[in-house]
Amino acid sequence: MAHRTTERVLDGVLDRCELNCKSGLVLNAVMSSFRPEFVSARAVQFCELIKECEEAGFPKFELYKTLGMNVVLSDPPMDCRLALLNDVWKIVMKLKNPAEYILCAEVWVEFPVKHFGKREVNAMLGDIIKHMTPDRAFEVHYPQLQSIIVKVLSHMHDFSIVFAMDKFLPFIDMFQKESVRVEVCRSIVEAFVKNQLEPTNNPVVINSILSICKVMHDSVNALTVSDDRRQISSLIVGFMRRIHFGQDFEQQLTFCVDARSSFSNLEAVLAFLVQMVNRLAVDTRQVVKGNHTRKTAGFIRACLAYSYITVPSISGVFSRLQLYLVSAQVAIINQALTQGTDFQLVGVGMNRYEAWYLPRRCILESSNQSSRRSSQSD
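Remember, predicted model here, so these are calculated numbers, not experimental data.

Draft legend 1. Spatial organisation of the pattern of salt bridges. Taken as a whole and assessed by the stated rule, the structure comprises ten salt bridges. Of the charged contacts in the structure, one is a salt bridge between glutamate 37 and arginine 35, with a shortest N-O distance of 2.6 Å. The partner of arginine 230 in a salt bridge is aspartate 227, and the shortest N-O contact between them spans 2.9 Å. Linking arginine 230 with aspartate 227, this pair stays in helix 15 (residues 226-241), spanning three residues, or about one helical turn.

Following this line, the structure appears as structure tokens:
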């Protein structure tokens, strides 16, 4: 009934609470029953009532948690937001029990993320690290810590600001369990791929995401299922698509070299890097309009050498042949005839098994398709 009532009823209840009620249980029931917008509009008043409640009847951290859930669901008045955050956090940061502290912090972290800047969010992350580090308390509160990361990334879409917070990466370091750490890294890269709409060349963002992607890559082993391998490869490729150094082609090539050494176990990523470098060579040709200087010709040879070294590490026959063909075409249009010939000879000179395997696979796939068509027609 309280959820469907008016604000006047809530005001009457609060007047009675101020007169002769110091029960935390009653106050928690009031905050849980009335609509969040009603409670949030009177957040400062509720905060004062919580301070006056008796600790024995109902734990105060539960009251602050309930109040935080209301102010997150419905924004309180703008002029009281900072005072509310300061009043609540002064109490929360004094909680000694890590379990009580993290339950409040998990709820309240969304409030500064929504209404304040990186300074307040960074300070809160630092305080969480301070409370969770002693006795490795973070090991039993991974779900709450993961929830905090998700809430931060769901509202902060500018990753230059996210990684400018000096407590963000130390916060991630608290995830010591490998499976949880990989899951957190995946959520960060997913948020980056989703929200980073414009290409970036910010070195802090690039190096930070690169190290996070390296964690995902290192989790891949012989027992990793193909679906997980494919998802991780897709996320890493999505990250690399958003890296662009403009006309600084040498820096772009340096990034590709670093990425190749970091993601050597993922063939889909290596194939994308080869295509990325080939595109770099084509862009260079467009800039010089086909008239290479000694410097640009040397850069083209460096790009082709990158592809020549990287393609053999890809096991897929079709992918390797396609990359050899594309690389040969890129070499020829850039007047690097020797390198183009080398790519063609390597492609033609595939070993005997691959030469037999390629046409036989084509025949098998063709026969399978024809058999499916005949069965459908029947």
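Draft legend 2. Unusual backbone geometry, seen in detail. Even without being glycine, lysine 289 reaches a positive phi, approximately 60°. Residue position: lysine 289 is located in the loop between helix 17 (267-288) and helix 18 (294-310). Taking the relative accessible area as the measure of exposure, lysine 289 reaches 73% and is therefore exposed. One non-glycine residue, glutamine 335, lies in the positive phi region at around 65°.

Draft legend 3. Examining the environment of serine 40 more closely. Tracing the sequence through the fold places serine 40 in helix 3 (residues 36-41). Under the relative-accessibility criterion, serine 40 is labelled buried at 0%. Each C-alpha atom, one on serine 40 and one on serine 74, is 6.1 Å from the other, the two residues being 34 residues apart in sequence. What serine 40 contacts, discounting residues up to four positions off in sequence, is Asn70, Val71, Ser74, Asp75, Pro76 and Pro77.

Draft legend 4. Geometry of helix 19 (residues 317-333). With 17 residues, helix 19 extends 25 Å from end C-alpha to end C-alpha; this agrees with the ideal 24 Å at 1.5 Å per step. Among the residues making up helix 19, those that are buried are Val317, Arg320, Leu323, Tyr324, Ser327, Ala328, Val330 and Ala331. For helix 19, the angular spread of the buried residues around the axis is 160°, confining them to a single face. Positioned one or two residues after helix 19, glutamine 335 has a phi angle of 65°, which is positive.

Draft legend 5. Local environment of the packing of aromatic side chains. Counting across every chain of the model gives 14 aromatic pairs. With a centroid separation of 5.8 Å and 25° between ring planes, the pair formed by tyrosine 142 and phenylalanine 175 is classed as stacked. A residue pair is termed long-range when its members are at least 10 positions apart, and tyrosine 142 in helix 10 (residues 142-155) and phenylalanine 175 in the loop between helix 12 (168-172) and helix 13 (178-195) qualify at 33 residues. Measuring from centroid to centroid gives 6.4 Å for tyrosine 324 and phenylalanine 343, while their planes differ by 50°, and the two rings are tilted.

Draft legend 6. Summary view of helix 16 (residues 249-262). Taking 1.5 Å as the rise per residue, helix 16 with 14 residues should run 20 Å; its terminal C-alpha atoms sit 20 Å apart, in good agreement. Those residues of helix 16 that fall on the buried side of the exposure criterion are Phe249, Gln252, Leu253, Phe255, Cys256, Ala259 and Ser262. On the buried face of helix 16, the contacting elements are helix 14 (203-218), helix 15, helix 17 and helix 18.

Draft legend 7. Spotlight on the environment of serine 315. Assignment of secondary structure puts serine 315 in the loop between helix 18 and helix 19. Remark: the alpha-carbon pair of serine 315 and glutamate 267, spanning 48 residues in sequence, is separated by 7.7 Å. Not counting chain neighbours up to four residues away, the residues in contact with serine 315 comprise Glu267 and Arg320. Polar contacts involving the side chain of serine 315 include one to the side chain of glutamate 267, which spans 2.6 Å.

Rules used throughout
Residues numbered from 1 in each chain as written. Predicted model: local features only at pLDDT ≥ 70, side-chain atom pairs only at ≥ 80, totals over all residues. Heavy atoms only, no water. Salt bridge = Lys/Arg side-chain N within 4 Å of Asp/Glu carboxyl O. Helix = DSSP H or I, 4+ residues; strand = E, 2+ residues; numbered from the N terminus. Buried < 20%, exposed > 50% of the residue type's maximum accessible area, 1.4 Å probe, protein only. Contact = heavy atoms within 4.5 Å. Expected span 1.5 Å × (residues − 1). Arc of directions from axis to C-beta. Phe/Tyr/Trp six-rings, centres within 6.5 Å; stacked < 30°, edge-to-face > 60°. Polar contact = N/O pair within 3.5 Å; in protein donor to acceptor, adjacent residues only side chain to side chain.

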